[in-house]
Amino acid sequence: MSVPGSGSAEPGVAHRMRRYLTRFEPAVTRFFLLGIFTVGLTAQFVKPVGDALEDKSFLGGALLSLVAYVLYDAVQDLAASLRLPERSQVGSRELGRFVDEAFRARTVEITFLGYTGETIVGPLYRRLEDLLDDPGPTRRVCIRVLVPDFGQPMTVPSRVGPNGEPLDDSELRRSQERRCQGFDEALSVLAERLNRLGRVTVESEFRLYPGIPRDKICILNRELVLHGLYDVLARLILRSSGPEYYDPKGHRADLNVWSAKDTDTTRAAVATWNQHMDGLWSLATVPPWRRVTAT
């Protein structure tokens, strides 16, 4: 089963180099700052070293480098806290960069509710593949994806009737269910590979919620919430001579952003969203393909 967006947009070597630079840049910077401090301080009190460098302002430079070294962590934390969100609303196609940021944490927890999960599966698959080569700081990943129960009659997705009324189409529902199953299996297989390596613990599971795909919700590390609404009247024609279908276009949905790090109001909203999604997950049912596998 191919996974949408699983391939990196960058060449393999360039992508891997950027990940290594991101990982080791703080350590290298601290090393140079501490080295400047050590050399400057040594030059101030050890005459041969000072004579060799032929400078008399070592102590001031050493003290400045020490201050920079101490402040570096604070600056890094501040930069991280300001990095996301940059806007109060983003496009669905930007979801990947939020996933990348979430995987900087030691414990990664991502909960998604949507149509088939296609928007989130691509970025997740790519990040999990990265963990095979270099887990970085990540030690535990928990992925929860909620998709509609396509085993039940639905008004969306459905076939468009003569007067625009929705007509349930069991074959269309089954095709969407097969897509969800493929996405679930792709993530689960990759999770099993990572668990066998033993460096990272990964849990990944799809569950079913009743109703039509109306909301698109993603919660990252219980601190950042993205929420948007599908265009439930969006139409699709599979063949030129075929019928029209009501089929939401997930990649077109704009997502409102709430961060627990912004204000007391957004912090309260994030807590409410977490409680809501935890409740939906508890009430959601196990897909038939997972029940068969378990049996």
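Scoring rules and cut-offs
- Residues numbered from 1 in each chain as written.
- Predicted model: local features only at pLDDT ≥ 70, side-chain atom pairs only at ≥ 80, totals over all residues.
- Heavy atoms only, no water.
- Core = buried A, V, L, I, M, F, W, Y, C linked by side-chain atoms within 4.5 Å.
- Buried < 20%, exposed > 50% of the residue type's maximum accessible area, 1.4 Å probe, protein only.
- Contact = heavy atoms within 4.5 Å.
- Phe/Tyr/Trp six-rings, centres within 6.5 Å; stacked < 30°, edge-to-face > 60°.
- Helix = DSSP H or I, 4+ residues; strand = E, 2+ residues; numbered from the N terminus.
- Pairing = 2+ DSSP bridges.
- Arc of directions from axis to C-beta.
- Expected span 1.5 Å × (residues − 1).
- Axes fitted to C-alpha atoms, helices over the stretch in contact; angles between N-to-C directions.
- Parallel < 35°, antiparallel > 145°, perpendicular 65-115°, else oblique.
- Left-handed = near helix turned anticlockwise from the far one by under 90°.
- Nonpolar A, V, L, I, M, F, W, Y, C, P; charged D, E, K, R; others polar.

Peer 1: Got a sec to walk through the nonpolar core? Specific residues and values, please.
Peer 2: Ile110 and Leu128 are the most contacted members of the largest nonpolar core, which has 43 residues in total. Those residues in contact with isoleucine 110 that lie beyond four places of it in its chain are Val99, Ala102, Phe103, Ile120, Leu124, Cys142, Ile143, Arg144, Cys218, Ile219 and Leu220.

Peer 1: Break down the packing of aromatic side chains for me, citing the residues and quoting the values.
Peer 2: Going through the model one piece at a time under the given rule, you end up with three aromatic pairs. For the pair tyrosine 115 and phenylalanine 150, a centre-to-centre distance of 6.1 Å together with 45° between the ring planes defines the contact as tilted. Of this pair, tyrosine 115 sits in the loop between β2 (107-113) and α5 (118-133) while phenylalanine 150 is found in the loop between β3 (140-148) and β4 (158-160), placing the two residues 35 residues apart along the sequence. Each member of the pair, tyrosine 115 together with phenylalanine 150, is buried. Centroid distance tryptophan 258 to tryptophan 273: 6.1 Å. Interplanar angle 40°. Geometry classified as tilted. Placement of tryptophan 258 in strand β11 (residues 254-259) and of tryptophan 273 in helix α7 (residues 264-283) is noted, with a sequence separation of 15 residues between them. Exposure remark for tryptophan 258: the relative accessible area of 24% places this residue in the partly exposed category. Among the residues examined, tryptophan 273 registers a relative accessible area of 17% and is labelled buried.

Peer 1: For the pairing of strand β7 (residues 215-220), give the residues involved together with the corresponding values.
Peer 2: Among the six residues in β7, six count as buried, and that is most of the element. Both faces of β7 are covered, namely the face carrying Asp215, Ile217 and Ile219 and the face carrying Lys216, Cys218 and Leu220. Note that β7 and strand β8 (residues 224-229) share six bridges and pair antiparallel. For isoleucine 217, the partnering residue across the bridge sits in β8 and is histidine 227.

Peer 1: Mind laying out helix α4 (residues 95-102), listing which residues take part and the relevant values?
Peer 2: Buried within α4 are the following residues: Leu95, Gly96, Phe98, Val99 and Ala102. The arc that holds every buried residue of α4, seen down its axis, measures 160°, which confines them to one face. Where α4 is buried, its residues contact β1 (89-91), β2, α5, β7 and β8.

Peer 1: How would you sum up α7? Please name residues and give values.
Peer 2: In a regular helix each residue adds 1.5 Å, so 20 residues correspond to 28 Å; α7 covers 29 Å between its end C-alpha atoms and thus fits that length. At its buried positions, α7 is contacted by β2, β3, β6 (201-209), β7, β8 and β11.

Peer 1: How would you explain the packing of α4 against α5 if you had to name every residue and give the values?
Peer 2: Relative to each other, α4 and α5 sit at 40°, their axes nearing to 9 Å. Taken together, the axis directions place α4 and α5 in an arrangement best described as oblique. Considering the relative orientation of α4 and α5, their crossing is right-handed. Contacts between α4 and α5 pair Leu95, Gly96, Val99 and Asp100 from the former with Thr119, Ile120, Pro123, Leu124, Arg126 and Arg127 from the latter. Taken together, the residues that form the contact of α4 with α5 break down as five nonpolar, two polar and three charged.

Peer 1: Tell me about unusual backbone geometry, and name the residues and values.
Peer 2: At the junction of valine 156 and proline 157, the peptide bond is cis and its omega measures out at 0° in the coordinates. As for its position among the elements, proline 157 is in the loop between β3 and β4. In this structure, asparagine 221 takes a positive phi of about 55° despite not being glycine. Within the secondary structure, asparagine 221 is located in the loop between β7 and β8. The backbone of arginine 222 shows a phi angle near 60°, a positive value even though the residue is not glycine. Of note, arginine 222 is situated in the loop between β7 and β8. What makes arginine 222 partly exposed here is its relative accessible area of 32%.

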